[in-house]
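For reference, the chains in residue letters:
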Amino acid sequence: MNNCEILKSWDLFPSPSWVVELLVEAANIKPGISCLEPSAGFGKLATSLQQAGAIVEVIEPIPELQTSLSLQGLLLIGSDFLTTPIERDRYERVVQNPPFSQQISHVKRAYQCLKVGGRLVSLVSHSPWQYNTSFYKQFRYWLNAVNAQVQDLPWGLFVNSVSEA
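Residues numbered from 1 in each chain as written. Predicted model: local features only at pLDDT ≥ 70, side-chain atom pairs only at ≥ 80, totals over all residues. Heavy atoms only, no water.

A. Broad picture of the pairing of strand 2 (residues 55-59). Along strand 2, four of the five residues are buried, which leaves the element largely enclosed by surrounding structure. In this fold, the crossover linking strand 1 (residues 34-37) to strand 2 by way of helix 3 (residues 44-51) has right-handed handedness. Both strand 2 and strand 3 (residues 75-78) contribute to a ladder of three bridges, which runs parallel. Bridge pairing in strand 3 links V58 to L76. In the classification by handedness, the crossover that spans strand 2, the intervening helix 4 (residues 63-71) and the parallel strand 3 is right-handed. (Buried < 20%, exposed > 50% of the residue type's maximum accessible area, 1.4 Å probe, protein only. Helix = DSSP H or I, 4+ residues; strand = E, 2+ residues; numbered from the N terminus. Right-handed = clockwise from strand over helix to strand, strands pointing away. Pairing = 2+ DSSP bridges.)

Below, the structure written as structure tokens:
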């Protein structure tokens with residue numbers, strides 16, 4: 001299966017290079033820091049975290065991409081972030097571009113994986129701020145309760161992500 005077929009078959013929108021740089025910078029990586037990328041895709045974000053000095057573990061559901069991640073020297077620990085057993089308080093950083101269809105579940109699960117004082121950097125869609133359903137209200141309340149910092153990114157930032165895959 002080629003990259004375009006993978007993108008069409010899965011809820012996969014690779015982060016453009018400039019977004020990867022932004023996420024890595026926001027993660028404040030220090031050499032030797034433990035880091036999880038729970039939706040590793042093609043590995044661009046995970047390898048950038050690794051290059052910044054993090055010890056990176058990845059999770060990826062797409063079998064073809066799992067092989068590619070392993071060949072890139074990344075430690076694959078599972079195929080489904082929501083069901084892979086991960087001890088609480090394990091990572092100093094979790095940096096992710098989760099599938100937008102599961103973004104809130106991924107953000108909350110990622111937060112549980114953080115050590116005290118750890119940092120979660122997650123790319124999410126505008127949906128939680130566009131809609132006023134109880135589901136999104138609860139998510140916004142939770143973000144406030146955990147003192148999350150939210151940074152708005154430009155609309156349409158994934159328009160050219162397919163060409164970078």
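That was the structure; now back to the text.
B. Inspection of unusual backbone geometry at higher detail. Even without being glycine, N28 reaches a positive phi, approximately 55 degrees. Residue class for N28 comes out partly exposed when judged on its relative accessible area of 31%. Unlike most non-glycine residues, D89 shows phi in positive territory, near 60 degrees. Assignment of secondary structure puts D89 in the loop between strand 3 and strand 4 (91-96). The exposure class of D89 is partly exposed, given its relative accessible area of 44%.

C. View of the pattern of salt bridges. Under the counting rule described, the total for this entry stands at one salt bridge. A salt bridge links E57 to R90; the nearest nitrogen and oxygen atoms lie 2.8 Å apart. Residue E57 is located in strand 2, and its partner R90 is located in the loop between strand 3 and strand 4; the two are separated by 33 residues in the primary sequence. We classify E57 as buried; its relative accessible area is 14%. (Salt bridge = Lys/Arg side-chain N within 4 Å of Asp/Glu carboxyl O.)

D. The side chain of Q103, seen in detail. Structurally, Q103 is set in helix 5 (residues 103-113). Since its relative accessible area comes to 4%, Q103 is described here as buried. Filtering out sequence-adjacent residues up to four positions away, Q103 remains in contact with P98, V124, S125, S127 and P128. (Contact = heavy atoms within 4.5 Å.)

E. Broad picture of the sheet that holds strand 3. Sheet architecture is open: five strands sit in the order 3-2-1-4-5, paired in parallel fashion. Because the sheet does not close on itself, it has two edges, and the strands there are strand 3 and strand 5 (114-122). Across this sheet, the average inter-strand angle for adjacent strands is 25 degrees, counted without regard to direction. As judged from the four bridges shared by strand 1 and strand 2, these two strands associate in the parallel manner. In the strand pairing of strand 2, E37 is matched with V58. Sheet contacts for helix 2 (residues 17-27): strand 4 and strand 5; angle to strand 5, the most-contacted strand, approximately 160 degrees. (Axes fitted to C-alpha atoms, helices over the stretch in contact; angles between N-to-C directions.)

F. Examining the nonpolar core more closely. Membership of the largest hydrophobic core comes to 21 residues, with the highest contact counts inside it found for L45, L49, A54, V56, V58 and V95. Mapped onto this core, the elements with two or more residues apiece are helix 2, helix 3 and strand 2. Tallying contributions element by element places helix 2 first for this core, with five residues. For V56, the contacting residues outside a window of four places in its chain are C35, A46, L49, Q50, L74 and L75. (Core = buried A, V, L, I, M, F, W, Y, C linked by side-chain atoms within 4.5 Å.)

Interpretation in functional terms is not warranted from these geometric data alone.
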